[in-house]
Amino acid sequence: MSVFRTSEMRYFCSRLSPPSLARAAAAFSTSNGSRVGTHSGSFHCDEALACFILRHTDKFRNAEIIRTRDPQVLDSLDAAVDVGGVYDPRRDRYDHHQRGFEEVFGHGFATKLSSAGLVYKHYGKELLTRELQLDQEHHDVNKLFIAIYKNFMEAIDETDNGISEYETRQQPRYVNKTSLSSRVGRLNLDWVDPDHSSGKEDEAFQHAMRLAGSEFMESVHFHARSWLPARSIVTECISMRNNIDPSGEIIVLNRSCPWKLHIFELEEEMGIDPNIKYVIYQDDRSGRWRLQAVAISFSNFQSRKPMPVAWRGLEGDELSAVAGIPGCVFAHMSGFIGGNKTYEGALAMSRASLHAA
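- Taking an unreviewed UniProt entry as the reference, the chain is identified by name as Metal-dependent protein hydrolase belonging to Trapa incisa.

1. Focus: the packing of helix α5 (residues 115-132) against helix α8 (residues 198-239)
And then number 1: Taken N-terminus to C-terminus, the directions of α5 and α8 make an angle of 55 degrees; their axes are 11 Å apart at the nearest point. Considered as vectors, α5 and α8 are oriented oblique to each other. Our pair here, α5 against α8, has a crossing hand that is right-handed. Taking contact as the criterion, the partners of Y120, L127, L128, E131 and L132 in α5 are, on α8, F216, M217, V220, H221, A224 and R225.
And then number 2: For the contact of α5 with α8, a count of residues per class yields 8 nonpolar, 1 polar and 2 charged.

2. What to know about the nonpolar core
And then number 1: Judged by nonpolar contacts, the single largest core of 51 residues is most densely connected at L49, Y120, M153 and F216.
And then number 2: For this core, the elements supplying multiple residues, two or more each, are α3 (45-55), β4 (79-81), α5, α6 (139-160), α7 (180-185) and α8.
And then number 3: When residues of this core are assigned to their parent elements, the largest contribution, 12 residues, is made by α8.
And then number 4: In this view, F216 contacts L49, F52, I53, Y120, L127, I148, F152 and M153; residues no more than four positions away in its chain are not counted.
And then number 5: Of all hydrophobic cores here, the second largest spans 21 residues; its members include I238, I263, V279 and Y281.

3. Overview of the layout of surface pockets
And then number 1: The computed volume of the largest pocket comes to approximately 2200 Å³.
And then number 2: Lining of the largest pocket is provided by 37 residues; of these, A155, E158, E165, Y166 and N176 occupy positions nearest its centre.
And then number 3: Where the lining of the largest pocket is concerned, the elements lending two or more residues are α6, α7, α8 and α10 (263-270).
And then number 4: Sorting elements by how many residues they give to the lining of the largest pocket places α6 first, with 8 residues.
And then number 5: Lining the second largest pocket are 13 residues, and of these I146, K150, R231, E265 and E269 lie nearest its centre.
And then number 6: For the lining of the second largest pocket, the elements supplying multiple residues, two or more each, are α6, α8 and α10.

4. Describing the packing of aromatic side chains
And then number 1: With the rule as written, the count across this model stands at 13 aromatic pairs.
And then number 2: Three or more aromatic residues joined by ring pairs form one cluster here, namely F105, F109, Y120, F145, Y149, F152 and F216.
And then number 3: Here R67 stacks its cationic end above the ring of F205, 4.8 Å away from the centre of that ring.

5. Focus on the sheet that holds strand β14 (residues 328-331)
And then number 1: Strand order in the open sheet made by the 5 strands is β9-β10-β11-β15-β14, with mixed pairing throughout. Since the sheet does not close on itself, it has two edges, and those belong to β9 (250-252) and β14, each with one partner. Within this sheet the neighbouring strands show an average axis-to-axis angle of 20 degrees, counted without direction.
And then number 2: Relative to strand β11 (residues 289-293), strand β10 (residues 278-282) is paired through 5 bridges, and the arrangement is antiparallel. Note that in β11 the partner of Y278 across the bridge is A293.

6. Looking at a nonpolar patch on the surface
And then number 1: A cluster of nonpolar side chains, F222, L261 and F298, forms an exposed patch at the surface whose accessible area comes to about 280 Å².
And then number 2: Turning to its location among the elements, F222 is positioned in helix α8.
And then number 3: The partly exposed category is assigned to F222, whose relative accessible area is 36%.

7. Some remarks on unusual backbone geometry
And then number 1: Put simply, D273 and P274 share a cis peptide bond, and its omega is 5 degrees.
And then number 2: Relative to the helices and strands, P274 is located in the loop between α10 and β10.
And then number 3: The phi torsion at D82 lies on the positive side, around 65 degrees, for a residue other than glycine.
And then number 4: Looking at where D82 falls in the secondary structure, it is placed in the loop between β4 and β5 (87-88).

8. Points about the pattern of salt bridges
And then number 1: Following the criterion strictly, the structure yields 18 salt bridges and no others.
And then number 2: Notably, a salt bridge pairs D58 with R130, separated by 3.2 Å at the nearest N-O pair. On the criterion of sequence distance, the pair formed by D58 in the loop between α3 and β3 (64-67) and R130 in helix α5 is long-range, its members being 72 residues apart.
And then number 3: Note that R290 is salt-bridged to D283, the shortest N-O span being 3.1 Å.

9. Let's talk about the pairing of strand β2 (residues 35-38)
And then number 1: Both β2 and β3 contribute to a ladder of 4 bridges, which runs parallel. In the sheet register, R35 faces β3, and the bridge partner there is E64.
And then number 2: A crossover connection joins β2 to the parallel β3 through α3; in handedness this β-α-β unit is right-handed.
And then number 3: Of the pairings in the sheet, the one linking β2 to β4 comprises 2 bridges and is parallel in character. By the bridge assignment for β4, G37 is matched with A80.

10. Here we look at the state of the cysteines
And then number 1: Counted under the stated rule, the structure contains 0 disulfides.
And then number 2: Considering cysteine sulfurs only, C51 is the nearest to C45, which forms no disulfide, with 11 Å between them.
And then number 3: Overall, C45 belongs to the buried group, its relative accessible area being 3%.

11. Details of the packing of α3 against α5
And then number 1: Interaxial distance between α3 and α5 falls to 9 Å at its minimum, and their mutual angle equals 25 degrees. In terms of their interaxial angle, α3 and α5 are classed as roughly parallel. For the element pair α3 and α5, the recorded crossing hand is left-handed. Taking contact as the criterion, the partners of D46, E47, L49, A50, I53 and L54 in α3 are, on α5, S115, A116, V119, Y120, Y123 and L127.
And then number 2: Residues of the contact of α3 with α5, tallied by class, amount to 9 nonpolar, 1 polar and 2 charged.

Rules behind the numbers
Residues numbered from 1 in each chain as written. Predicted model: local features only at pLDDT ≥ 70, side-chain atom pairs only at ≥ 80, totals over all residues. Heavy atoms only, no water. Axes fitted to C-alpha atoms, helices over the stretch in contact; angles between N-to-C directions. Helix = DSSP H or I, 4+ residues; strand = E, 2+ residues; numbered from the N terminus. Parallel < 35°, antiparallel > 145°, perpendicular 65-115°, else oblique. Left-handed = near helix turned anticlockwise from the far one by under 90°. Contact = heavy atoms within 4.5 Å. Nonpolar A, V, L, I, M, F, W, Y, C, P; charged D, E, K, R; others polar. Core = buried A, V, L, I, M, F, W, Y, C linked by side-chain atoms within 4.5 Å. Buried < 20%, exposed > 50% of the residue type's maximum accessible area, 1.4 Å probe, protein only. 1 Å grid on protein atoms, 1.4 Å probe; cavity = no way out; pocket = protein on both sides within 12 Å on 5 of 7 lines; lining within 4 Å. Points joined across faces, edges and corners; volume = space filled by probe spheres on them. Phe/Tyr/Trp six-rings, centres within 6.5 Å; stacked < 30°, edge-to-face > 60°. Lys NZ or Arg CZ within 6 Å of the ring centre and 35° of its normal. Pairing = 2+ DSSP bridges. Patch = residues over 30% accessible without salt bridge, like charges linked within 9 Å, V, L, I, M, F, W, Y side chains within 5 Å. Areas by Shrake-Rupley, 256 points an atom, 1.4 Å probe, with all protein chains shown as cover. Salt bridge = Lys/Arg side-chain N within 4 Å of Asp/Glu carboxyl O. Right-handed = clockwise from strand over helix to strand, strands pointing away. Disulfide = S-S within 2.5 Å.

Put into structure tokens, the structure is as follows:
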């Protein structure tokens, strides 16, 4: 059995903006004396992140982490993750290895949870409300709660439970060992390390908690400060699409933002039919206007309706002459993006592309 108190709070605070830093420092400057257990030996991303999340709740603030497989010791602790063969949130037991365990996150997700997903399911909203300074029942908290699970947590659950990302037996075209789960796994003591003591294992686990926890908080900050405001902008622009063109297949962003993260989800949620083909926005640097063809899906580069073949690869006056539209700047070789000097020109290019054969 091994016991340690980590110093990840200093690391965590160094990565936050001043308002978040102040809130975090005030909330977690002292321990409340609680103890959280996880198994000793080799570790994975899920229990490292589960411990981090628990230690940043009011109930388990800066808890001691006790790494053991002794059942009697585990029974005496305030919480246990990834060990013990029990899932019982009333007793703060969050293991997922036992026979018959099939717990999922809900909200339409079907992935079996790891210890990280279990802890996030029960305590994630507490961390989000602290970051947003909103009540847990606020609709923005629930949006972020689901989005962070989808875009960050679910991959950890899938990896730990041995679930493939793709339903195919084909070999991948390339090897990717840069995921968070892979990087945390590499923090385990190497077989050539001369010191495999419990103390060295604990040091490695501290590092794993810092890594997993810092990236989790980065995801929280991104979704709160960037993802959520962008979603609101895209939602409004989709709602106004019929004012741009009667087809409803062209939207104009009233402010440049990362729209690709949202458009596919919002189309489904809002029942958009026909789907959106072009997004028009102003380039913040040049002041000129861009039109971009929407891809088939977020992970597929093929456009739903690329610009006409005759335009592709042309620039300036040559493109304007071929298109019959003044002010053209360029059309990409693949037809997925183009530019015009004015909003009216970009809209004309979008409409012409939409009705081209």
